[in-house]
Amino acid sequence: QVQLVESGGGLVQAGGSLRLSCAASGTIFSLNTMCWYRQAPGKQREFVAEIISGGSTNYADSVKDRFTISRDNAKNTVYLQMNSLKPEDTAVYYCKLYYGWRDTSYWGQGTQVTVSS
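Note that this is a predicted model, so its numbers are computed, not measured. (Residues numbered from 1 in each chain as written. Predicted model: local features only at pLDDT ≥ 70, side-chain atom pairs only at ≥ 80, totals over all residues. Heavy atoms only, no water.)

A. Spatial organisation of the pattern of salt bridges. All told, the structure shown has three salt bridges when counted by the stated rule. In this structure, R38 and D89 form a salt bridge, with 2.9 Å as the shortest nitrogen-oxygen distance. Remark: D89 occurs in the loop between β8 (77-82) and β9 (91-99) and R38 occurs in strand β4 (residues 33-39); sequence separation between them is 51 residues. Take R38 and D89: they sit in the same class, and that class is buried. With a closest N to O distance of 2.7 Å, D89 and R66 form a salt bridge. (Salt bridge = Lys/Arg side-chain N within 4 Å of Asp/Glu carboxyl O. Helix = DSSP H or I, 4+ residues; strand = E, 2+ residues; numbered from the N terminus. Buried < 20%, exposed > 50% of the residue type's maximum accessible area, 1.4 Å probe, protein only.)

B. Looking closely at the packing of aromatic side chains. Going through the model one piece at a time under the given rule, you end up with six aromatic pairs. Measuring from centroid to centroid gives 5.5 Å for F29 and W101, while their planes differ by 85 degrees, and the two rings are edge-to-face. Highlighted residues: F29 in the loop between β3 (18-26) and β4 and W101 in the loop between β9 and β10 (104-107), separated in sequence by 72 residues. Taking the relative accessible area as the measure of exposure, W101 reaches 45% and is therefore partly exposed. Each ring, one from Y99 and one from Y106, has its centre 6.2 Å from the other, and the planes form 80 degrees; the classification is edge-to-face. Judged by relative accessible area, Y99 falls into the buried class, the value being 1%. Taken together, the ring pairs in this structure connect F29, Y99, W101 and Y106 into an aromatic cluster. Directly above the ring of Y98 sits K96, whose terminal nitrogen or CZ lies 5.2 Å from the centroid. (Phe/Tyr/Trp six-rings, centres within 6.5 Å; stacked < 30°, edge-to-face > 60°. Lys NZ or Arg CZ within 6 Å of the ring centre and 35° of its normal.)

C. Layout of the environment of L4. Mapped onto the elements of the fold, L4 is located in strand β1 (residues 2-7). Using a relative accessible area of 7% as the deciding quantity, one classes L4 as buried. L4 sits 81 residues away from L85 along the chain, and the two C-alpha atoms are 24 Å apart. Not counting residues within four places of it along the chain, the set of residues in contact with L4 comprises C22, A23, A24, C95, K96, L97, Y106, W107, G108 and Q109. (Contact = heavy atoms within 4.5 Å.)

D. Representation of the side chain of D89 within the structure. Taking relative accessible area as the criterion, D89 reaches 2% and is therefore assigned buried. Only 2.9 Å separates the side chain of D89 from the side chain of R38, close enough to count as a polar contact. (Polar contact = N/O pair within 3.5 Å; in protein donor to acceptor, adjacent residues only side chain to side chain.)

E. Up close: the nonpolar core. Ranked by internal contacts, the top residues of the largest apolar core, which has 29 residues, are W36, V48, F67, V78, L80, M82 and Y93. Only β1, β3, β4, β5 (46-52), β7 (67-72), β8, β9 and β11 (111-116) provide two or more residues apiece to this core. A per-element tally of this core places β9 first, with five residues. (Core = buried A, V, L, I, M, F, W, Y, C linked by side-chain atoms within 4.5 Å.)

So, in structure tokens, the structure goes:
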């Protein structure tokens, strides 16, 4: 019913920047939270950032002052601006659309981010 298509991943040097995008399609209700998670090989999937429909945001401590999450409600799209990237940020990044009022989540396919040196 809901599809999430991610883009913007790639290879970047430490200290560089990338912007990830995730566009949701299908039946999208206005009251929702859009999130970013990431998973490195052999590690658990971890929370990165979230933004609710009203615009409030939360960040993991590890990215708090480097990443910025935003959304375009007209496009049903969430973005993650990643600055001052570190090798430790290397992971597959996943977006999620979440309806808290029905405890339902939809996940994207993931996009690879690799930070070198």
